[in-house]
There are 2 protein chains.
Amino acid sequence: MTQAHISSEEEIKERTSGWLSRLAEQGYRITGSRRAVVDVLAEAGTSLSPAEIYEQGRALHKQLGLVTVYRTLEKLEELGLVQRVHRPDGCHAYIPALHGHEHLLLCQQCGRMEYFRGDDLSELSRRLEGESGYTIKDHWLQFFGLCAQCQ
Amino acid sequence: MTQAHISSEEEIKERTSGWLSRLAEQGYRITGSRRAVVDVLAEAGTSLSPAEIYEQGRALHKQLGLVTVYRTLEKLEELGLVQRVHRPDGCHAYIPALHGHEHLLLCQQCGRMEYFRGDDLSELSRRLEGESGYTIKDHWLQFFGLCAQCQ
DNA sequence: GATATAATTGAAAACAGTTTTCAATAACTG
DNA sequence: CAGTTATTGAAAACTGTTTTCAATTATATC
């Protein structure tokens, strides 16, 4: 079933604290700077570049440095909590990671994003493996367009 | 119908001369440097970064400069002859442009690429539009894996 | 063919985004 | 609460890309 999806407040809270616990579990310290990066990205409704995260993060923790944004993103990405988004016009933005078999719908104007499920590419994937000789490990399915506000 | 596809020698020749004619048609001059970039990329079996194109292009035209590689790619991209490839690990490589409704299958090891047709995402696209309120303009479907040689 | 002219070139400089270095700071442990 | 050690931000270094500019060269015209 197709299912577009916007995060609720509770889900965001859970995501934020979940990310912080995962960092702590790994032995990383929870600092004001990391908390700021986590807060900004966990509640983002759009994909954000490091510079945008830096800017928004400074509202929460004014001495935040851009370097720390990069370093925190690196750790969150390693833990699979965050991932980079690729778009036709560039691929320097981050979003909370997709879970399981989710895919992306992105607004080309404002960067707003939504997740959805409901495709089934397994048959196509199997056919392709047969014809090409490749072993397929992964796939991307992304839709681009204009969100309701931007139309 | 799914249809994976490797370019034959003739197709490559046609592609090369096609690209050069398109450049000429647009009033661009056909120079040794442009010819080198076109030759390298038109016959590439893998996606290539500007630096790789530069390196291979110098074998054909030894005074080729990296700057000209960028400038030529820009023009080829404007004309829709070439496009950038996005991959999980980065998006700084170029390939001959997909035509119509083609999609990509990329080897994560060596960068080898193949095109295929045969998906039908129009129904999914329509459902998503209804649920999300987006107007969908475009989509990406890409598969990643290991080619026969790299397995 | 030779010539004029305007696009194109490559090298160097400038630029933007990202990463490294390093001394100062602050989070966790006991 | 004090000690240890990860983490921080600023500055410097780096990488990939773009701009500047004088010299070169493809094309149109004779």
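Overview of the structure. (Residues numbered from 1 in each chain as written. Chains lettered and ligands numbered in written order. Predicted model: local features only at pLDDT ≥ 70, side-chain atom pairs only at ≥ 80, totals over all residues. Heavy atoms only, no water.)

1. Looking at the state of the cysteines
In protein structure, a disulfide is the covalent linkage between the sulfur atoms of two cysteines.
Argument step 1. Taken as a whole, this structure holds one disulfide over all chains when the rule is applied.
Argument step 2. There is a disulfide in this structure between cysteine 91 of chain A and cysteine 91 of chain B, and the S-S distance comes to 1.5 Å. Of this pair, cysteine 91 of chain A sits in strand β2 (residues 90-96) while cysteine 91 of chain B sits in strand β2 (residues 90-96), which puts the two residues in different chains. For the pair formed by cysteine 91 of chain A and cysteine 91 of chain B, the shared burial category is buried.
Argument step 3. Free of any disulfide, cysteine 107 of chain B has its nearest neighbouring cysteine sulfur in cysteine 110 of chain B, separated by 3.7 Å.
Argument step 4. Judged by relative accessible area, which is 1%, cysteine 107 of chain B ranks as buried. (Disulfide = S-S within 2.5 Å. Helix = DSSP H or I, 4+ residues; strand = E, 2+ residues; numbered from the N terminus. Buried < 20%, exposed > 50% of the residue type's maximum accessible area, 1.4 Å probe, protein only.)

2. Here's the deal with the interface of chain B and chain A
Argument step 1. If you look at the interface, chain B gives 44 residues, while chain A gives 44 residues.
Argument step 2. In this assembly, chain B packs against chain A so that about 3,800 Å² is buried in total across both faces, 65% of it on carbon and sulfur atoms.
Argument step 3. Scanning the region where chain B abuts chain A turns up zero salt bridges.
Argument step 4. In this assembly, chain B and chain A are joined by 16 residue pairs in polar contact (both at pLDDT 80 or more).
Argument step 5. Counting only elements with at least two residues in the side of chain B that touches chain A, the list comes to β1 (82-87), β2, β3 (103-107), β4 (113-116), α5 (122-132) and β5 (135-146) of chain B.
Argument step 6. Of the residues assigned to the side of chain B that touches chain A, the class counts are 21 nonpolar, 15 polar and eight charged.
Argument step 7. The pairing of strand β5 (residues 135-146) of chain A with β5 of chain B spans 11 bridges and is antiparallel. By the bridge assignment for β5 of chain B, leucine 146 of chain A is matched with threonine 135 of chain B. (Contact = heavy atoms within 4.5 Å. Buried area = accessible area lost by both parts, 1.4 Å probe. Salt bridge = Lys/Arg side-chain N within 4 Å of Asp/Glu carboxyl O. Polar contact = N/O pair within 3.5 Å; in protein donor to acceptor, adjacent residues only side chain to side chain. Nonpolar A, V, L, I, M, F, W, Y, C, P; charged D, E, K, R; others polar. Pairing = 2+ DSSP bridges.)

3. Focus on the protein's contact with DNA strand C
Argument step 1. Neighbouring DNA strand C are 19 residues; Tyr70 of chain A together with Thr31, Gln63, Thr68 and Arg71 of chain B lie closest to it.
Argument step 2. Counting only the atoms of DNA strand C that lie within 4 Å of the protein, the sugar and phosphate share comes to 66%.
Argument step 3. Isoleucine 30 of chain A has a polar backbone atom sitting 2.8 Å from a phosphate oxygen of DNA strand C.
Argument step 4. At 3.3 Å, a backbone N or O of leucine 64 of chain B approaches a phosphate oxygen of DNA strand C.
Argument step 5. Looking at the surface near DNA strand C, the elements with two or more residues in it are α4 (66-78) of chain A together with α2 (32-42) and α4 (66-78) of chain B.
Argument step 6. When its residues are assigned to classes, the surface near DNA strand C shows seven nonpolar, seven polar and five charged. (Near = heavy atom within 4 Å.)

4. Overview of a negative patch on the surface
Argument step 1. Together, Glu9, Glu10, Glu11, Glu14 and Glu43 of chain A line one region of the surface with negative charge.
Argument step 2. Residue class for glutamate 10 of chain A comes out exposed when judged on its relative accessible area of 61%. (Patch = residues over 30% accessible without salt bridge, like charges linked within 9 Å, V, L, I, M, F, W, Y side chains within 5 Å. Areas by Shrake-Rupley, 256 points an atom, 1.4 Å probe, with all protein chains shown as cover. Lys, Arg positive; Asp, Glu negative; His and termini not counted. Charge placed at Lys NZ, Arg CZ, Asp CG, Glu CD.)

5. Describing the sheet that holds β3 of chain B
Argument step 1. If you trace the six strands from one edge of the open sheet to the other, you get β4(A)-β3(A)-β5(A)-β5(B)-β3(B)-β4(B), paired in mixed fashion. Because the sheet does not close on itself, it has two edges, and the strands there are β4 (113-116) of chain A together with β4 of chain B. The mean inter-strand angle of the sheet, taken between neighbouring strand axes irrespective of direction, is 25 degrees. (Axes fitted to C-alpha atoms, helices over the stretch in contact; angles between N-to-C directions.)

6. Describing the packing of aromatic side chains
Any aromatic ring pair is given by two values, namely how distant the centres are and how the planes are angled relative to each other.
Argument step 1. The tally for this structure, following the rule as stated, stands at five aromatic pairs over all chains.
Argument step 2. The structure contains a cluster of three or more aromatic residues connected by ring pairs, namely Trp140 and Phe144 of chain A together with Trp140 and Phe144 of chain B. (Phe/Tyr/Trp six-rings, centres within 6.5 Å; stacked < 30°, edge-to-face > 60°.)

7. With respect to the protein's contact with DNA strand D
Argument step 1. Near DNA strand D there are 18 residues, and of these Thr31, Gln63, Thr68 and Arg71 of chain A together with Tyr70 of chain B occur at the shortest range.
Argument step 2. The separation between a phosphate oxygen of DNA strand D and a polar side-chain atom of threonine 31 of chain A is 2.7 Å.
Argument step 3. At 3.1 Å, a backbone N or O of glycine 65 of chain A approaches a phosphate oxygen of DNA strand D.
Argument step 4. When contributions to the surface near DNA strand D are tallied by element, the ones reaching two or more residues are α2 (32-42) and α4 of chain A together with α4 of chain B.

8. Thoughts on the relation of the copies chain B and chain A
Argument step 1. You can overlay chain B on chain A at an RMSD of 0.1 Å; the transform is a turn of 180 degrees with a shift of 0.0 Å along its axis. Such a combination of rotation and displacement between the chain copies is what one expects of a two-fold axis. Distance from the rotation axis, computed per C-alpha, reaches its smallest value in chain B at leucine 141 of chain B: 2.3 Å.
Argument step 2. A share of 100% of the interface residues of chain B reappears at the interface of chain A, consistent with the copies meeting face to face through the same patch. (Least-squares fit on C-alpha atoms with pLDDT ≥ 70 in both.)

Function-wise, these values are silent; they only describe arrangement.
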